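Understanding the architecture of this molecule
So you can see what is in the structure, the chains are spelled out below.
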Amino acid sequence: MNAKTLTAVDIRKTYGQKEVLHGISLTLLPHTIYGLIGRNGAGKTTLMGILTAQTPATSGSVTYGGEPVWENARALSEICFSRELSPTVLMGRNTFRIKQILRMASYYYPNWDKDYAQKLVEAFGLDVKKQICKLSSGMRSMVTILLALASRAPVTFLDEPVAGLDVVARDQFYRLLLEEYERSERTFVISTHIIEEAASVFEKVLFLDHGSLLLAEDTDTLLSHYAYLSGREEDVRAAAEGRPVLHREQMGRSVTLCVGEADEALSQRCRAFDVACDPVPLQKLFVYLAGQKEA
Amino acid sequence: MAANCKSYWQYVWYYPILIVGLFVFYSFLYSALEELDVLVVASASMAVFITAIVFLYASVQVFPMTLQFGSTRKASIGALSVVELLWGVAMPLVLAACIGLLRGSAATALFIQILPVYIPVQFLAASGGGLLGFAVMRLRKVMRVVSFVLFFVLLFGCFMLFMPMLTRKLSGVPAEVSVLPVIIAVLLAAAGFLGEWLAARKYSV
């Protein structure tokens with residue numbers, strides 16, 4: 001498998017007078033799992049649509065391996081954007097059957113793995129004769145995941161793939177994703193609201209907020225920059241001195257702060273002041289960062 | 001392009017069977033009357049209406065799917081046009097064969113007489129149906145309904161215009177009489193194809 005990067009430079013998207021993406025630039029490296037995180041309406045789907053040439057950008061450029069992606073059949077054959085299939089189309093019900101969708105997918109993706117697709121159909125317990133409009137939300141998510149994994153496309157985008165899945169199916173998805181990631185050199189970009197259980201899967205996170213890319217960082221590095229400090233208020237305040245505070249929670253005389261610029265020096269000060277120093281979960285960090293921006 | 005053609009064909013292939021089935025039904029319906037010209041014109045009208053609906057649905061359902069699977073807009077709309085043109089030629093031939101089989105060579109001869117009118121109208125229905133699909137996908141709700149109604153009024157009006165001409169043609173009116181409506185139909189069909197291309201250019205999934 002080749003190792004090309006997907007690069008976006010100064011992407012802007014305007015709907016009418018409203019700009020929904022404000023000059024986003026990013027590079028997606030080969031063999032990496034990205035988590036695309038953002039609140040509803042942050043522009044995640046629009047961004048993914050633009051990166052995969054399904055939505056035209058108002059300005060900016062997207063290239064894959066140095067070639068523009070827009071209307072480029074060669075580049076697009078290596079990119080898969082799997083989004084939830086709608087049970088309705090504009091003129092009524094979506095009457096496509098799963099087997100028709102799978103057959104269509106096999107026409108387009110040069111690396112399409114028919115045997116793997118069949119294996120996934122069995123693993124998910126899907127009836128390929130069923131029409132999309134007759135599938136439950138969870139089953140439609142399974143079809144989305146199936147298409148993404150069996151496409152074997154070097155760069156694969158999944159838009160909210162686990163939204164309709166129960167906890168068992170979500171676990172199954174993350175297992176399959178990691179298996180596929182280990183056996184190939186594929187890049188995955190996954191947008192999700194259920195951050196906590198996916199946090200361990202993401203190697204890098206892209207935080208999108210109100211159409212701007214707030215952060216694009218290695219997950220472990222990002223999390224290492226923040227810490228929860230908790231203990232008696234005066235001790236915590238002393239330990240956290242000089243560090244930016246993202247969040248504060250008071251319970252009686254004890255307080256918990258989420259602080260940035262965490263490093264070894266901070267750990268030492270925490271020990272000196274008898275303050276507990278704990279890692280911040282990705283989901284919480286996202287809530288604080290998004291909240292801070294809003295404030 | 002091949003992948004797109006297969007995708008569209010996968011969606012539309014069974015509609016000719018429906019048309020042939022309806023034709024057989026018509027054939028039995030009109031068999032007692034022995035009015036072959038009525039049968040021929042009625043079959044062609046029915047095929048035209050079904051064509052418009054088929055391509056309306058094909059553009060709404062298949063076009064976004066092809067883009068979702070990584071097709072370029074150019075390849076997808078090109079394939080849709082190819083399938084529309086193929087259908088425009090193939091459907092009359094299929095009907096001609098059916099008429100010949102069921103009602104004999106006299107009926108086939110009548111059918112062949114209307115082909116110069118029927119084929120352009122069939123193209124018009126295919127491209128118009130496809131274009132309407134794009135209008136439905138891109139326009140606001142009220143406009144969708146308006147364009148939907150307008151299209152069928154136009155198509156129906158167009159066919160009403162052609163009907164007397166077809167009947168005259170069947171009864172031996174010189175061929176020149178039909179030239180103008182044929183030109184109109186070809187121009188409208190061409191406008192339909194062009195409209196589809198323009199609408200597809202910046203379509204967002």
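Everything quoted here is computed from the prediction, not taken from an experiment.

Parameters at a glance
Residues numbered from 1 in each chain as written. Chains lettered and ligands numbered in written order. Predicted model: local features only at pLDDT ≥ 70, side-chain atom pairs only at ≥ 80, totals over all residues. Heavy atoms only, no water. Helix = DSSP H or I, 4+ residues; strand = E, 2+ residues; numbered from the N terminus. Areas by Shrake-Rupley, 256 points an atom, 1.4 Å probe, with all protein chains shown as cover. Buried < 20%, exposed > 50% of the residue type's maximum accessible area, 1.4 Å probe, protein only. Contact = heavy atoms within 4.5 Å. Lys, Arg positive; Asp, Glu negative; His and termini not counted. Charge placed at Lys NZ, Arg CZ, Asp CG, Glu CD. Phe/Tyr/Trp six-rings, centres within 6.5 Å; stacked < 30°, edge-to-face > 60°. Lys NZ or Arg CZ within 6 Å of the ring centre and 35° of its normal. Pairing = 2+ DSSP bridges. Core = buried A, V, L, I, M, F, W, Y, C linked by side-chain atoms within 4.5 Å. Domains from an automatic or database assignment. Buried area = accessible area lost by both parts, 1.4 Å probe. Salt bridge = Lys/Arg side-chain N within 4 Å of Asp/Glu carboxyl O. Polar contact = N/O pair within 3.5 Å; in protein donor to acceptor, adjacent residues only side chain to side chain. Nonpolar A, V, L, I, M, F, W, Y, C, P; charged D, E, K, R; others polar. Axes fitted to C-alpha atoms, helices over the stretch in contact; angles between N-to-C directions. Parallel < 35°, antiparallel > 145°, perpendicular 65-115°, else oblique. Left-handed = near helix turned anticlockwise from the far one by under 90°. Patch = residues over 30% accessible without salt bridge, like charges linked within 9 Å, V, L, I, M, F, W, Y side chains within 5 Å.

**Section: the overall build of chain B**
Secondary structure assignment for chain B yields six helices and zero strands. Secondary structure elements of chain B, listed N to C terminal, follow the sequence α-α-α-α-α-α. On chain B, roughly 9000 Å² of surface is accessible, and the fraction owed to carbon and sulfur atoms is 77%.

**A word on the overall build of chain A**
What chain A contains, in helices and strands, is eleven helices and 16 strands. The buried share of chain A, taken over its 295 residues, is 51%. Once local pairs closer than 6 in sequence are excluded, the contacts in chain A between residues at least 24 apart make up 69%. Total accessible area on chain A is roughly 13100 Å²; 50% of this is exposed by carbon and sulfur atoms. Computing the positive centroid from 33 side-chain charges and the negative centroid from 36, chain A places the two 8 Å apart.

**Some points on the side chain of B:Glu196**
All names here are of chain B. With respect to the secondary-structure elements, Glu196 resides in helix α6 (residues 179-201). A relative accessible area of 0% places Glu196 in the buried class. Sequence-distant contacts of Glu196, defined by excluding residues within four places in its chain, comprise Ile77, Leu80, Glu84, Ala126, Ser127, Gly130, Leu131 and Phe134.

**Some details on the packing of aromatic side chains**
Taken as a whole, this structure holds twelve aromatic pairs over all chains when the rule is applied. Ring geometry for A:Tyr228 against A:Tyr288: centres 6.3 Å apart, planes inclined by 75 degrees, an arrangement best described as edge-to-face. Residue A:Tyr228 is located in strand β13 (residues 227-232), and its partner A:Tyr288 is located in helix α11 (residues 282-294); the two are separated by 60 residues in the primary sequence. The burial state of A:Tyr228 is the same as that of A:Tyr288; both residues are buried. Note on B:Phe55 and B:Trp87: the rings are 5.3 Å apart at their centroids and 85 degrees apart in plane angle, and the pair reads as edge-to-face. With B:Phe55 in helix α3 (residues 36-68) and B:Trp87 in helix α4 (residues 73-138), this pair connects stretches of sequence that are 32 residues apart. Of the residues examined, B:Phe55 reaches a relative accessible area of 0% and is grouped as buried. Members of the aromatic cluster, each reached through a chain of ring pairs, are A:Phe96, B:Tyr11 and B:Tyr15. Stacked on the ring of A:Tyr116, the Lys or Arg A:Arg152 has its end atom at 4.2 Å from the ring centre.

**As for the pairing of strand β14 (residues 245-251) of chain A**
Bridge count between β14(A) and strand β15 (residues 254-259) of chain A: six bridges; the pairing is antiparallel. Each bridged residue has a counterpart across the sheet, and for A:Gln250 the counterpart in β15(A) is A:Val255.

**What to know about the nonpolar core**
Core analysis: the biggest nonpolar cluster contains 118 residues, and A:Leu146 and B:Tyr118 have the highest contact counts within it. By residue number, the principal contributor to this core is α4(B), which donates 24 residues. Two domains each provide a minimum of three residues to this core, namely domain 1 (6-220) and domain 2 (227-279) of chain A.

**Quick look at the interface of chain B and chain A**
Each partner contributes to the interface: chain B provides 30 residues, whereas chain A provides 28 residues. Taking both partners together, chain B and chain A bury about 2700 Å²; carbon and sulfur atoms supply 60% of that area. At the boundary of chain B and chain A, one finds one salt bridge. One salt bridge connects B:Arg73 with A:Glu71, and the closest N-O pair in it is separated by 3.8 Å. On inspection of chain B and its partner chain A, the count reaches twelve residue pairs in polar contact (both at pLDDT 80 or more). Broken down by secondary-structure element, the contributors of at least two residues to the side of chain B that touches chain A are α1 (2-12), α3, α4 and α5 (141-170) of chain B. For the side of chain B that touches chain A, the element with the most residues is α3(B), which contributes nine residues. Considering only residue class, the side of chain B that touches chain A consists of 14 nonpolar, ten polar and six charged.

**Regarding the packing of helix α3 (residues 98-108) of chain A against α1(B)**
Two elements in contact, α3(A) and α1(B), have axes separated by 9 Å at closest approach and are oriented at 165 degrees. By the angle between their axes, α3(A) is roughly antiparallel relative to α1(B). Crossing hand, α3(A) versus α1(B): right-handed. Two secondary-structure elements touch here, α3(A) through A:Gln100, A:Arg103, A:Met104, A:Tyr107 and A:Tyr108 and α1(B) through B:Ala3, B:Asn4, B:Lys6, B:Ser7 and B:Gln10.

**Side note on a positive patch on the surface**
Residues and elements named next belong to chain A. Where like charges cluster on the molecular surface, the positive patch consists of Arg93, Arg97, Lys99, Arg103, Lys129, Lys130 and Lys134. Summarising the element assignment, Lys99 is placed in helix α3. We classify Lys99 as partly exposed; its relative accessible area is 36%.

**Concerning a nonpolar patch on the surface**
Residue and element names in this part refer to chain B. On the surface, Trp9, Trp13, Tyr14 and Ile17 cluster together into a nonpolar patch covering about 440 Å² of accessible area. Within the element layout of this structure, Trp13 appears in the loop between α1 and α2 (15-31). Its relative accessible area of 44% is what places Trp13 among the partly exposed residues.

**Concerning the sheet that holds strand β16 (residues 276-278) of chain A**
Residues and elements named next belong to chain A. Pairing within the open sheet is antiparallel, and its four strands lie in the order β14-β15-β13-β16. Because the sheet does not close on itself, it has two edges, and the strands there are β14 and β16. Across the sheet, the mean angle separating the axes of adjacent strands is 15 degrees when strand polarity is ignored.

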